[in-house]
Amino acid sequence: MVFIIFSVAVIGLTGVKGSMSKLNTVINHFTETIRSVNYIEKEFDLGNRVEENYTLGGKEMINTCDESKLDTQGEIIQDCLLQLDNESLIYLVGDSHAVHLLPMLEEAELTTDIYFQRHSTGIIVLEEFKTIKSSFSIINTEAQLKKLSNDYTQIYLLSSFFIRPYDDDLDTTKKKLIEYIKLYTDEATLIFVAPTPVFKSSPVLCAAVGINCVLDMEADKLSRLKTLQMYEDLVNKYQGVYIYDPYTGLCPTEECKIYDQGSDFLLYRDDDHISVEGSAALASHFKDWFTANFDNNGQSI
């Protein structure tokens, strides 16, 4: 639902015929705007498409698979596991930037099972966690990996977090990621997801009035550059660590639209989260990357 707050200051009416004319013009414009907004909501149904309707195997994931729902550390929530009787598993973990990758994983139709766990807090970026080893999230993931390794010959830990691209944060973040790598590389192949594009506003504004529809790619690429370089440094330094960059899959051309009215395609549900349909469309890009890096036995190519 789009709400427009309309405010008009009415000055004295004596001898202000011109002011009344301007007021009528404003009211007429406002009426047309309301009609346009109502048309767009009815025609394109963005109200439902901008919600967090992410599922796995037809099951709701956001509330079900939050680690706060666990009774004990290391517990495997069966509703968070898409079990297809494969020998390998992709374990997706992280914050809301992991959640929006669920449709991508399922639609990729790889020969892997899928498990998902959402962290309650951004363990990698919160300042109160100077070390990550004592956090519930880290201990829980470690325990889950040990349990899952009994059922799978190969596990890929696909980690996606929102990381602020600031120098003072990145130094601490990099140290935490090194801890993260050292904790998990014995149990899994680690794949970090590079920063995804960030738009200036939500798709609703674009759909309603055509504002901020196109990403400023030059500025966006610059803002994520240091974070991307940090990940690349880790990949070059540590074995069994990879980075998946979805950028060109989301924005294959220089004109990257948050919402394309012509094709009625919604790429993002807000300024920095991929929509369900946008994530599903990313599936072929991820599948190509994955199969180019790993064989059927989970070995790097």
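Use the structure listed above.
Residues numbered from 1 in each chain as written. Predicted model: local features only at pLDDT ≥ 70, side-chain atom pairs only at ≥ 80, totals over all residues. Heavy atoms only, no water.

Trainee: Help me understand the overall build of the protein chain in this model?
Mentor: Helix and strand counts for the protein chain stand at 11 helices and 10 strands. Across the protein chain, the fraction of contacts at a sequence separation of at least 24, relative to all contacts at a separation of at least 6, is 76%. When the accessible area of the protein chain is evaluated, it comes to approximately 15500 Å², of which 50% is carbon and sulfur surface. (Helix = DSSP H or I, 4+ residues; strand = E, 2+ residues; numbered from the N terminus. Contact = heavy atoms within 4.5 Å. Areas by Shrake-Rupley, 256 points an atom, 1.4 Å probe, with all protein chains shown as cover.)

Trainee: I'm lost on helix 8 (residues 217-237) in this one. Help?
Mentor: Since one α-helical turn is 3.6 residues long, residues separated by three or four positions face the same way. With 21 residues, helix 8 ought to run about 30 Å at 1.5 Å a step, and its terminal C-alpha atoms sit 29 Å apart, in line with that. Along helix 8, the sharpest change in direction is near 45° and occurs at Leu-225. Burial in helix 8 covers these residues: Met-217, Asp-220, Arg-224, Thr-227, Leu-228, Met-230, Tyr-231 and Leu-234. (Expected span 1.5 Å × (residues − 1). Bend = angle between axes of the 7 residues up to and from the residue. Buried < 20%, exposed > 50% of the residue type's maximum accessible area, 1.4 Å probe, protein only.)

Trainee: I tried to follow the state of the cysteines on my own but got confused; where do I start?
Mentor: By definition, a disulfide is the covalent link that joins the sulfur atoms of two cysteine residues. Per the stated rule, a full pass over the model turns up 3 disulfides. Between the sulfur of Cys-206 and that of Cys-213 lies a disulfide, 2.1 Å long from S to S. Where Cys-206 bonds to Cys-213 through sulfur, the torsion about that S-S bond is close to 110°, and the disulfide is right-handed. For the pair Cys-206 and Cys-213, a shared accessibility class is recorded, and that class is buried. The disulfide bridge from Cys-251 ends at Cys-256, spanning 2.0 Å between sulfur atoms. For the disulfide bridge between Cys-251 and Cys-256, the dihedral angle about the S-S bond is near -55°, and by the sign convention the bridge is left-handed. (Disulfide = S-S within 2.5 Å.)

Trainee: I'm lost on the sheet that holds strand 8 (residues 241-244) in this one. Help?
Mentor: Here 6 strands make up an open sheet; going across it, the order is 3-5-4-6-7-8 and the pairing mixed. Only two strands of the sheet have a single partner each, and these edge strands are strand 3 (81-82) and strand 8. Relative to strand 8, strand 7 (residues 189-193) runs parallel, the two being bridged by 4 bridges. Along strand 8, the bridge assignment pairs Phe-192 with Ile-243. Docked against the sheet, helix 8 engages strand 7 and strand 8, running at close to 150° with respect to strand 8. (Pairing = 2+ DSSP bridges. Axes fitted to C-alpha atoms, helices over the stretch in contact; angles between N-to-C directions.)

Trainee: I would appreciate a short explanation of the pattern of salt bridges in the present structure.
Mentor: For side chains of opposite charge, pairing can occur when their charged atoms come near one another. What the rule picks out here adds up to 8 salt bridges. Residue Arg-49 is joined to Asp-264 by a salt bridge in which the shortest nitrogen-to-oxygen separation is 3.0 Å. Note that Arg-49 is positioned in helix 2 (residues 46-49) and Asp-264 in the loop between strand 9 (259-260) and strand 10 (265-266), a separation of 215 residues in sequence. Accessibility expressed as a relative area gives 17% for Arg-49, which makes it buried. Asp-264 sits in the partly exposed class, given a relative accessible area of 29%. Between Arg-269 and Glu-52 there is a salt bridge, with its nearest N and O atoms 3.2 Å apart. Of this pair, Arg-269 sits in the loop between strand 10 and helix 10 (276-281) while Glu-52 sits in the loop between helix 2 and strand 1 (55-56), placing them 217 residues apart in sequence. The network of salt bridges with shared partners includes Arg-49, Asp-264 and Glu-277. (Salt bridge = Lys/Arg side-chain N within 4 Å of Asp/Glu carboxyl O.)

Trainee: Whenever I open this one, unusual backbone geometry confuses me. Can you help?
Mentor: Leaving glycine out, the prevailing phi sign among residues is negative, and the prevailing peptide bond configuration is trans. The backbone phi angle of Asp-85 is positive, close to 60°, even though this residue is not glycine. Taking relative accessible area as the criterion, Asp-85 reaches 70% and is therefore assigned exposed. A positive phi is found at Asp-264, a non-glycine position, where the angle reads about 55°.

Trainee: What is the right way to look at the packing of aromatic side chains in this model?
Mentor: A ring pair, where both rings are aromatic, is described by two values, the distance of the centres and the angle of the planes. In total, this model carries 15 aromatic pairs according to the counting rule given. Ring plane angle 70° and centroid distance 5.0 Å describe the contact between Phe-199 and Tyr-268, whose orientation is recorded as edge-to-face. With Phe-199 in the loop between strand 7 and helix 7 (203-209) and Tyr-268 in the loop between strand 10 and helix 10, this pair connects stretches of sequence that are 69 residues apart. The same class applies to Phe-199 as to Tyr-268, namely buried. (Phe/Tyr/Trp six-rings, centres within 6.5 Å; stacked < 30°, edge-to-face > 60°.)

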